[in-house]
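Architecture and fold: a report
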Amino acid sequence: MTKTLGLIGSGMIGGGLARLAVAAGLDVVLSNSRGPETLAGLVAELGEHARAATPTEAAQVSDLVVATIPLNAYRRLPAAALAGKVVIDTMNYYPERDNRIAELDAGTLTSSALVQRHLADSHVVKAFNSIDFRRLFTSARPAGAPDRSALPIAGDDEAAKAEVTMLLDRLGYDAVDIGTLAESWRSEPGTPVYVQPYLAAQPEGMSQDEMQRWFFETPGVPVPAGRVKELTGTAVRRSASEARATLARD
Ligand SMILES: NC(=O)c1ccc[n+]([C@@H]2O[C@H](COP(=O)([O-])OP(=O)(O)OC[C@H]3O[C@@H](n4cnc5c(N)ncnc54)[C@H](OP(=O)(O)O)[C@@H]3O)[C@@H](O)[C@H]2O)c1
């Protein structure tokens, strides 16, 4: 069972996962691109079960590692230090931010398969990519709670997926196995399960400030496992540019 969770990337998703992990009794080792000293504030907030390190050290000392950085930096994930480990990939492809990746634009490869190709000796499991960072934190619930949500996971290694399922359970979520990394497009941006189902309907006509307040203060909508299965099961494969067009319309 996971005792120490490593985080490569300690921003909105990494920081949120670290908070959930510490609350669940795990130790966390945070890392980012600028160096451990820049994470002092977050480490102080999280308390004695948290510390900061370099990405390589976070990978080496942790039982399970979350890669949660912009996808354009995936080649900088320390492949040697991550060899033999289960690596959770939360990353999504946003071409405007990540620069174009031809295989992803063509839809011949999923973003997590690309990450797995770089981390050839690790077991990559896609998870936590399809919920926004605020709901990820506020919608977590203990096992058996009537308003507990489920999240899709995907990966090529069954044992790795079982380990990630246990981690999700501890952090406050049920897991729905949606298949291999090749099938993980079913939870990528623009698909029916992506972000929207976990969010309440957004009122029209809000100012930027009101929208921000609404985003932070509005509780999430519980999305049980059956609904995740239904949404991922009915997803239709699109190219990244078509998926982007869908997102722009939402
Ligand atoms: N935000 C969301 O709601 C959300 C939801 C689901 C999935 N995601 C996905 O999850 C990933 C992380 O998103 P985020 O919103 O948490 O991003 P973020 O807030 O911008 O944080 C990114 C983190 O990655 C670190 N980083 C960047 N390059 C790195 C490198 N080469 N080595 C180590 N650390 C590096 C950054 O450190 P420095 O600041 O030191 O550069 C920062 O801590 C993205 O791929 C995103 O698409 C985001």
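Residues numbered from 1 in each chain as written. Predicted model: local features only at pLDDT ≥ 70, side-chain atom pairs only at ≥ 80, totals over all residues. Heavy atoms only, no water.

On to the overall build of the chain. Helices and strands together make up the secondary structure of the chain, namely twelve helices and eight strands. By the compact-globule yardstick of 18 Å for 250 residues, the chain fits well, its C-alpha radius of gyration being 17 Å. Judged by the C-alpha coordinates and their principal axes, the chain covers about 45 × 40 × 35 Å. Taken over 250 residues, the chain has a buried fraction of 52%. Contacts in the chain between residues far apart in sequence, at least 24 positions, make up 66% of those at least 6 positions apart. When the accessible surface of the chain is summed, it comes to about 11,400 Å², and 53% of that surface belongs to carbon and sulfur atoms. Positive and negative side-chain charges of the chain, numbering 25 and 30 respectively, have mean locations separated by a distance of 2 Å. (Helix = DSSP H or I, 4+ residues; strand = E, 2+ residues; numbered from the N terminus. Rg over C-alpha atoms; globule rule 2.2 N^0.38 Å. Buried < 20%, exposed > 50% of the residue type's maximum accessible area, 1.4 Å probe, protein only. Contact = heavy atoms within 4.5 Å. Areas by Shrake-Rupley, 256 points an atom, 1.4 Å probe, with all protein chains shown as cover. Lys, Arg positive; Asp, Glu negative; His and termini not counted. Charge placed at Lys NZ, Arg CZ, Asp CG, Glu CD.)

Here we take up the confidence of the model for the chain. Within the chain, residue pLDDT values average 95, and 95% of them lie at 70 or more. The least confident element of the chain, judged by mean pLDDT, is helix H12 (residues 240-249) at 60; the most confident is strand S6 (residues 123-126) at 99. (pLDDT = per-residue confidence, 0-100.)

With that out of the way, let us pick up the site of the ligand. Near the ligand, the surroundings consist of 25 residues, among which Ser 10, Ile 13, Ser 33, Arg 34 and Ile 69 are the closest. Within the backbone of Met 12, an N or O atom sits 2.9 Å from an oxygen atom of the ligand. At a separation of 2.9 Å, an oxygen atom of the ligand approaches a polar backbone atom of Phe 133. A total of 900 Å² of accessible area belongs to the ligand in isolation, and the protein chains cover 82% of it. Assessed atom by atom at 2 Å from the grid points, the ligand resides in the largest pocket. Along the lines of polarity and charge, the residues of the shell around the ligand split into twelve nonpolar, nine polar and four charged. (Near = heavy atom within 4 Å. Polar contact = N/O pair within 3.5 Å; in protein donor to acceptor, adjacent residues only side chain to side chain. 1 Å grid on protein atoms, 1.4 Å probe; cavity = no way out; pocket = protein on both sides within 12 Å on 5 of 7 lines; lining within 4 Å. Sits in = over half its atoms within 2 Å of the grid points. Nonpolar A, V, L, I, M, F, W, Y, C, P; charged D, E, K, R; others polar.)

Within the largest apolar cluster, 43 residues are counted, with the highest numbers of intra-cluster contacts made by Val 28 and Phe 128. For this core, the element with the highest residue contribution is helix H1 (residues 12-23), accounting for six residues. When neighbours within four sequence positions are excluded, Phe 128 is seen to be in contact with Ile 13, Leu 17, Ile 88, Thr 90, Leu 136, Leu 151, Leu 168 and Leu 171. Residues Ala 73, Tyr 74, Val 87 and Leu 114 belong to the second largest nonpolar core, which totals 21 residues. (Core = buried A, V, L, I, M, F, W, Y, C linked by side-chain atoms within 4.5 Å.)

Tallying each qualifying case throughout the model produces twelve salt bridges. Where Glu 57 meets Arg 51, a salt bridge forms, and the shortest distance between an N and an O atom there is 3.2 Å. Arg 227 is paired through a salt bridge with Glu 230; the nearest N and O atoms lie 2.5 Å apart. In this pair, Arg 227 and Glu 230 are both assigned in helix H11 (residues 225-233), three residues apart and thus about one turn of the helix distant. The network of salt bridges with common partners includes Arg 148, Asp 169 and Asp 174. (Salt bridge = Lys/Arg side-chain N within 4 Å of Asp/Glu carboxyl O.)

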